[in-house]
Amino acid sequence: MPQRQSAVPKHKTGSPAVPAAVGSAGATMLKDNSGTGKVFRNASWLIACRIVQALLSFVIGTLTARYLGPSGYGVIDYANAIVSFMVPVVQLGIRSTLVHEIISAPEREGQVLGTSLCMSAGASLLGIAGVAAFAGIANRGEKETVIVCVLYSISLLFQATEMLQYWFQAKLMSKYVAVTSLIAYAAVSAYRSFLLITGKNVYWFALSQALDLMLISVCLYFLYRRLSGQRLSVSMPLAGAILRRSRYYILSGIMVTFFSLTDRVMITLLLGKEANGFYSAAVTCADISRFVFAAIVDSARPAVLEAKKADSPDYGLRICRLYSVIVYLALAQGLVLTVGAPLIVRILYGTAYGTAVPTLRIIGWNTLFAYAGSVRNIWILAEQKQQLLWKINLAGAVLNIAANSLLIPLIGIEGAAVASVGAQALVNVALCFALPTLRPVGKMLLQGINPCRLRRLWSR
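Reading the values: the criteria
Residues numbered from 1 in each chain as written. Predicted model: local features only at pLDDT ≥ 70, side-chain atom pairs only at ≥ 80, totals over all residues. Heavy atoms only, no water. Core = buried A, V, L, I, M, F, W, Y, C linked by side-chain atoms within 4.5 Å. Buried < 20%, exposed > 50% of the residue type's maximum accessible area, 1.4 Å probe, protein only. Helix = DSSP H or I, 4+ residues; strand = E, 2+ residues; numbered from the N terminus. Axes fitted to C-alpha atoms, helices over the stretch in contact; angles between N-to-C directions. Parallel < 35°, antiparallel > 145°, perpendicular 65-115°, else oblique. Left-handed = near helix turned anticlockwise from the far one by under 90°. Contact = heavy atoms within 4.5 Å. Nonpolar A, V, L, I, M, F, W, Y, C, P; charged D, E, K, R; others polar. Salt bridge = Lys/Arg side-chain N within 4 Å of Asp/Glu carboxyl O. Phe/Tyr/Trp six-rings, centres within 6.5 Å; stacked < 30°, edge-to-face > 60°. Lys NZ or Arg CZ within 6 Å of the ring centre and 35° of its normal.

Chemist: Any chance you could explain the nonpolar core here in plain terms?
Modeler: Note on soluble globular proteins: their nonpolar side chains tend to be buried together. Counting residues in each nonpolar core, the largest one holds 74 residues, and the members touching the most others are Leu360 and Ile363. In terms of residues, this core owes the most to one element, helix 14 (residues 314-349), which gives 16 residues. Core analysis: the second largest hydrophobic core is formed by 26 residues, Leu113, Met163, Ile216 and Tyr224 among them.

Quick look at the structure:
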């Protein structure tokens with residue numbers, strides 16, 4: 001499922017001095033090693049709140065999966081996959097460059113944000129229509145599936161407005177995003193608990209996704225109004241400029257979605273909703289701690305971009321350190337999921353989902369390669385090599401679709417897991433050594449994970 005990322009000095013809420021203080025944070029970080037500490041203090045807010053959110057998510061999610069059963073759970077996950085295909089189009093590649101845009105031109109951040117939100121909101125309406133059209137054609141005659149997909153697609157509108165979170169990331173104020181997301185998720189968890197208690201059907205659960213994102217978007221908007229000295233505004237010339245810079249990420253995002261979610265669509269179409277329910281349970285178990293990886297990468301991105309902008313000698317060091325943290329944490333997680341798969345599935349989903357155990361043992365390694373790719377993408381953005389992304393991800397998408405087409409009929413949902421992990425490994429790691437343009441970041445990867453250099457890497 002999707003991936004993403006960022007870092008701030010203490011301030012009084014609502015103080016007029018906040019923008020100036022925040023703007024100086026990046027420069028302060030470059031002067032000494034305290035930058036790393038600020039990045040991880042910022043990440044700690046995300047991690048702490050997301051731990052609570054993850055607990056809520058698994059309690060409500062597993063109860064929902066048990067209540068709906070593999071078939072109902074499978075159709076919800078299928079709708080999620082279909083809607084996710086539209087997210088890169090709705091976001092127009094802007095989210096991948098928004099932090100960079102704000103850091104590069106802090107004096108017009110209100111115009112950058114307002115223009116980006118307006119563009120994405122308009123695209124989201126087309127996205128909702130696209131989901132309805134696809135579901136109506138691909139699932140003709142399956143009324144429940146079509147309605148669930150349409151209801152779930154309403155979340156696209158709030159996927160666009162949720163991009164306000166990237167202003168907080170750029171300013172190293174991720175604690176506001178973390179706390180807001182936690183409060184919103186707690187409210188939606190209470191709502192989903194009500195649905196379970198009252199025995200509502202699958203349509204209500206599909207609609208709850210939009211409610212979650214709507215609450216986050218509204219809260220972030222009012223926080224932005226309070227903390228920022230600039231009002232949101234729209235500029236058509238700026239819209240064109242942003243679109244020219246982000247256009248590489250649109251196709252790239254579509255390709256990423258293809259090789260990360262094609263498996264769920266193909267499983268549903270080839271094997272049925274129940275099989276997708278088992279596969280989704282395995283993927284959800286594998287994602288148990290992904291919020292930790294997302295928080296670390298989110299917090300590190302502004303520090304790396306600031307270092308590049310200032311031509312700091314710490315630029316390469318920060319990427320190496322980020323690789324080190326991500327890879328070693330992912331290896332530990334992969335081992336735990338491989339050994340503990342039967343117990344994890346039984347505790348979270350019950351014996352009815354036992355079919356998911358072999359799949360979890362494979363898909364559990366996906367995090368390693370997926371977040372190695374997130375680190376590489378920060379380097380690509382810093383080096384302004386975005387034109388590479390669509391080619392890289394096209395290769396991954398083609399490989400994943402071909403592998404899924406071959407392996408799903410042969411070995412079922414385990415084949416989809418093998419295809420997914422293989423595509424991520426090729427695109428996010430192997431190509432860093434195969435393509436000359438990416439070899440500098442491949443070198444950083446090797447330096448970051450070299451066990452003989454870890455002490456030296458972190459003592460500098």
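And the narrative resumes.
Chemist: Teacher, can you tell me more about the packing of helix 13 (residues 290-309) against helix 16 (residues 366-382) here?
Modeler: Helices that pack against each other are described as a pair by the angle of their axes relative to one another and the distance between those axes. Relative orientation of the contacting elements helix 13 and helix 16 amounts to 15°, with a least axis distance of 9 Å. One finds that helix 13 runs roughly parallel with respect to helix 16. Here helix 13 and helix 16 pass one another in a crossing that is right-handed. Of the residues in helix 16, those in contact with Arg290, Phe293, Ala294, Val297, Arg301, Val304, Leu305 and Lys308 of helix 13 are Asn366, Thr367, Ala370, Tyr371, Ser374, Ile378, Leu381 and Ala382. Across the contact of helix 13 with helix 16, the residue classes break down as ten nonpolar, three polar and three charged.

Chemist: Sorry, what's going on with the pattern of salt bridges here?
Modeler: Opposite charge on two side chains lets them pair, provided their charged atoms get close. Following the criterion strictly, the structure yields three salt bridges and no others. For the salt bridge of Glu144 with Lys273, the shortest nitrogen-to-oxygen distance reads 3.6 Å. Of this pair, Glu144 sits in helix 6 (residues 143-153) while Lys273 sits in helix 12 (residues 273-286), and the two are 129 residues apart along the sequence. Judged by relative accessible area, which is 34%, Glu144 ranks as partly exposed.

Chemist: It is not clear to me how the packing of aromatic side chains should be interpreted in this structure. Could you clarify?
Modeler: Given two aromatic rings, their pairing is described by the distance between the two centres and the angle made by the two planes. In the structure shown here, the tally under the stated rule is seven aromatic pairs. Both rings, one in Tyr73 and one in Tyr349, keep their centres 6.0 Å apart while their planes meet at 45°; by these two values the pair is tilted. Within this pair, whereas Tyr73 is found in helix 3 (residues 34-91), its partner Tyr349 is found in helix 14, the two being separated by 276 residues in sequence. Residue classification places Tyr349 among the buried residues on the basis of a relative accessible area of 3%. Through a chain of ring-to-ring contacts, the aromatic side chains of Tyr73, Phe278, Tyr349 and Tyr353 assemble into a single cluster. Sitting over the ring of Trp204, Lys200 keeps its end group 5.3 Å from the ring centre.

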